[in-house]
Amino acid sequence: MSGAVDTPAQQLIEGPVDEPTPSPVRRFLSAWLVRRLAKAILTIFLVSTLTFFLVRLLPGNPVDTYIQTQIAQTGISYADAAAQAKNLFSLDPDEPVILQYLTYLGNLLQGDLGTSILSPGTTVAQVIQTYLPWTLFSVGIAQILSFLIGIVAGMVMAYRRESWIDHLLTSIGSLLHAIPNYIVAILIVVFLGVKLQVFNLTEARGSYTPGVTPSFSLSFLNDILYHATLPILAYLLTTVGSWALVMKSSTVETLGEDYVTVARARGLTDRRIRSGYVGRNAVLPMFSQLAVSLGFVVGGSIFVEKIFGYQGIGYSLYTAVSGRDYPVLQGIFLVVTISVVVANLLADLLYSRLDPRIRVGGKTKG
């Protein structure tokens, strides 16, 4: 046995070395992570390609509408009107779709998402930058609140199995989980806005009150929270039930583990067992699901924001679909795809961190 120490380069050449805590560089260079990064990039490319062709199958075209309007109002030729539309919208309707696709890919590689058709002169990046933060704000708060409430409710249901509170919470959770968020949004409008008049629906429209200057102040925070309250409530009611049911199932499964039985045999208190053994281990798998659910924050808000008039990325997406704004549609769908893919990748990384057998299994199977 020579007492020499292998250099990192020699270790990479000779193969993986068993280490209790692999370094970040080795983890990044592992085949397990490389495969997932390749899958993520391929998924983003395929979805962006599919989106490009699907949006062009939508009936109607704002460019054609502009051309026909110019011909009717000014009497110019189609060629002149098409040239004006090309310069105005940076889009040639007569260009073959495959050439449009190649141009789109070239611009995408340069970080250019195009210019909005409905708002000439406004880039897609500016549209996303303007509306995306409000969706992240409202849905992000709702997800965190529903996650925390669901964990507590799920543990109560698991520890009170077959009791009246278990049956009540399970029934409520199942009902809320089954109702789409836009149906809940409509019910909120009808009861809280019209019947009980708890909220002034006219004043609550928008992401913040017109005329208010955005700033890092308590008054502005109260204003944006007021406008986001109804969307947050809709998201919260439709997601808390699923978290509670998942947490109940995970807690019941954890209660049957051998280490919980051993802890009870050692005479540990129920409070110690709940916090140090059951709760901690039952909630770990849910963190990866939370990462995945956050990935759908961007795309799951279109109907809710439209119903409440909340001007987030979902509202912008609805406007783009209605107006056949191809560049904005492509840009938002690309953001949705990237958010979901990155969230899944983070969930995989979190799982591999919590359970190294997943990472090892990925190497042996690959």
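Sequence order as written defines residue numbering, which begins from 1 separately in each chain. Reporting of local features is limited, given that this is a predicted model, to residues whose pLDDT is at least 70; pairs of side-chain atoms are given and counted only at 80 or more, and all residues count toward the totals for whole chains, interfaces and linings. Calculation of side-chain values draws on the structure's entire complement of heavy atoms; hydrogens and water are dropped beforehand.

**What to know about the overall build of the chain**
Right, so step 1: Each helix is a run of DSSP H or I of at least 4 residues and each strand a run of E of at least 2, with the numbering of both proceeding from the N terminus. The helix and strand inventory of the chain stands at 17 helices and zero strands.
Right, so step 2: Residue burial in the chain is summarised as follows: out of 366 residues, 38% are buried.
Right, so step 3: A fraction of 70% describes how many contacts in the chain between residues 6 or more apart in sequence connect residues 24 or more apart.
Right, so step 4: Values of accessible area rely on a 1.4 Å probe in the Shrake-Rupley scheme; residue burial ignores everything except the protein chains shown. Summing over all exposed atoms, the chain offers an accessible surface of approximately 20800 Å²; the carbon and sulfur share of this is 64%. To sort residues, take the accessible area from a 1.4 Å probe on protein chains only and compare it with the maximum for the residue type: under 20% means buried, over 50% means exposed, and anything in between is partly exposed. Contacts were defined at the residue level, with two residues in contact if any of their heavy atoms lie within 4.5 Å.

**Examining the packing of aromatic side chains**
Right, so step 1: Each Phe, Tyr or Trp ring, with Trp reduced to its six-membered ring, pairs with another whose centre is within 6.5 Å; inter-plane angles below 30 degrees give stacked pairs, above 60 give edge-to-face pairs, and intermediate values give tilted ones. On inspection of all chains with the given rule, the structure shows 10 aromatic pairs.
Right, so step 2: Taking the centre distance of 5.2 Å and the plane angle of 25 degrees together, the rings of Phe-52 and Tyr-104 count as stacked. A residue pair is termed long-range when its members are at least 10 positions apart, and Phe-52 in helix α3 (residues 31–55) and Tyr-104 in helix α6 (residues 97–109) qualify at 52 residues.
Right, so step 3: Between Tyr-182 and Phe-303, the ring centres sit 5.6 Å apart and the planes meet at 55 degrees, which makes this aromatic pair tilted. Of this pair, Tyr-182 sits in helix α9 (residues 181–195) while Phe-303 sits in helix α14 (residues 302–308), and the two are 121 residues apart along the sequence.
Right, so step 4: For Phe-303, a relative accessible area of 46% gives the class partly exposed.

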